[in-house]
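Structural overview for review
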Amino acid sequence: MGFLDSKKIVVTGVASDLSIAFGIASAMKREGAELILTYQNDKLKPRVEKLGAKIGVSEFLPLDVANEEEVAKTFEEVKKTWGGLDGLVHAIAFAPREAIEGRFLDGCNKDSFTTALQISAYSFPLLMRYAAPLMQGRKAAALAMTYLGAVQAVPNYNTMGVAKAALEASVRYLAADLGQDGIRVNAVSAGPIRTLAASGIKDFRKMLKGFEKTAPLRRCVTIEEVGNTAAFLCSDLASGITGEITYVDAGFNIFSSVGVEEDEK
Ligand code: 0WD
């Protein structure tokens, strides 16, 4: 018996075995959930199918959040397959390279800003527009992935930080809106983890080193730890929690290094 037994959950954003979404899917599967994994394009399809097979998942659907027609079709397929939906995991982010390096204003133009906001933030309410009708009356839950750069100015994170702020606000507005339908909406704010997306952020390694020195637990977090928290938040164990941003970051966000000598940091 797992705490997600008989829950039917769509997980987006599995791109490699380092992906946070892979940690989430593994934890959810272990706790008894039935999963559909989505893949962004045909090139990624075989890779996602292989990763699914590793954890006993055999249902896959295409989903590029830049294409609303495809989003609509994907949820039609979910309806055909399951009749309804108990959970949705949004683990998707993208920003053009110039928007996640150097000085904020140098890389922030109309195109990079619009793309980052569309793919990384708007996509969550977009998915929920199609998912929510399938989630009615089922104690369903949705979850998004965010980062500290939403609430603090983190070097190089730049326009992605603006997108994550919009994503976190969307979590609260969706929670307020969908609570009356019994749908909960939360986010996990994870500490930095080396993944494909993270490798696009300038000086990411340096960030990891600084993080390990400063975080109260003196280490980084793993996709397994994020996965366990995500599984809990999507389960009935978290039935009283909605609209929350839960930090899984070894305590980094609560600590201020003001007053710590430079060589101790
Ligand atoms: O340190 C980190 N890695 C953190 C990541 C710390 C805190 C939060 N996050 C967030 C990310 O911002 C993202 O929202 O977690 C989520 C998952 O990120 P990840 O696991 O770090 O990244 P990755 O394994 O690269 O998966 C993100 C995936 C894409 O992978 P690639 O590497 O191919 O860009 O997002 C998907 C894609 O599979 N994706 C899309 N899916 C559908 N439609 C789209 C799209 N248009 N664009 C990207």
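Coordinates for the structure precede this section.
Here goes a summary of the coordinates provided. (Residues numbered from 1 in each chain as written. Predicted model: local features only at pLDDT ≥ 70, side-chain atom pairs only at ≥ 80, totals over all residues. Heavy atoms only, no water.)

1. Section: the sheet that holds strand β4 (residues 87-90)
- With parallel pairing, 7 strands are arranged side by side in an open sheet as β3-β2-β1-β4-β5-β6-β7. Of all strands in the sheet, those with a lone pairing partner are β3 (60-62) and β7 (245-248), marking the two edges. For this sheet, the mean inter-axis angle between neighbouring strands, taken without regard to orientation, is 20 degrees.
- Where helix α2 (residues 45-54) meets the sheet, its contacts fall on β2 (34-39) and β3, and the angle it forms with β2 comes to roughly 160 degrees.
- Lying on the sheet, helix α3 (residues 68-82) is in contact with β1 (8-11), β2, β3 and β4; it crosses β3 at an angle near 155 degrees. (Pairing = 2+ DSSP bridges. Helix = DSSP H or I, 4+ residues; strand = E, 2+ residues; numbered from the N terminus. Axes fitted to C-alpha atoms, helices over the stretch in contact; angles between N-to-C directions. Contact = heavy atoms within 4.5 Å.)

2. Focus on the packing of α3 against helix α5 (residues 110-135)
- It is the contact of α3 with α5, at a shortest axis distance of 10 Å, that shows an interaxial angle of 30 degrees. Put simply, α3 runs roughly parallel to α5. Relative to α5, α3 is oriented so that their crossing is right-handed. Contacts between α3 and α5 involve Glu68, Val71, Ala72, Phe75, Val78 and Lys79 from the first element and Tyr122, Leu126, Leu127, Arg129, Tyr130, Ala131 and Leu134 from the second.
- Along the lines of polarity and charge, the residues of the contact of α3 with α5 split into 10 nonpolar, no polar and 3 charged. (Parallel < 35°, antiparallel > 145°, perpendicular 65-115°, else oblique. Left-handed = near helix turned anticlockwise from the far one by under 90°. Nonpolar A, V, L, I, M, F, W, Y, C, P; charged D, E, K, R; others polar.)

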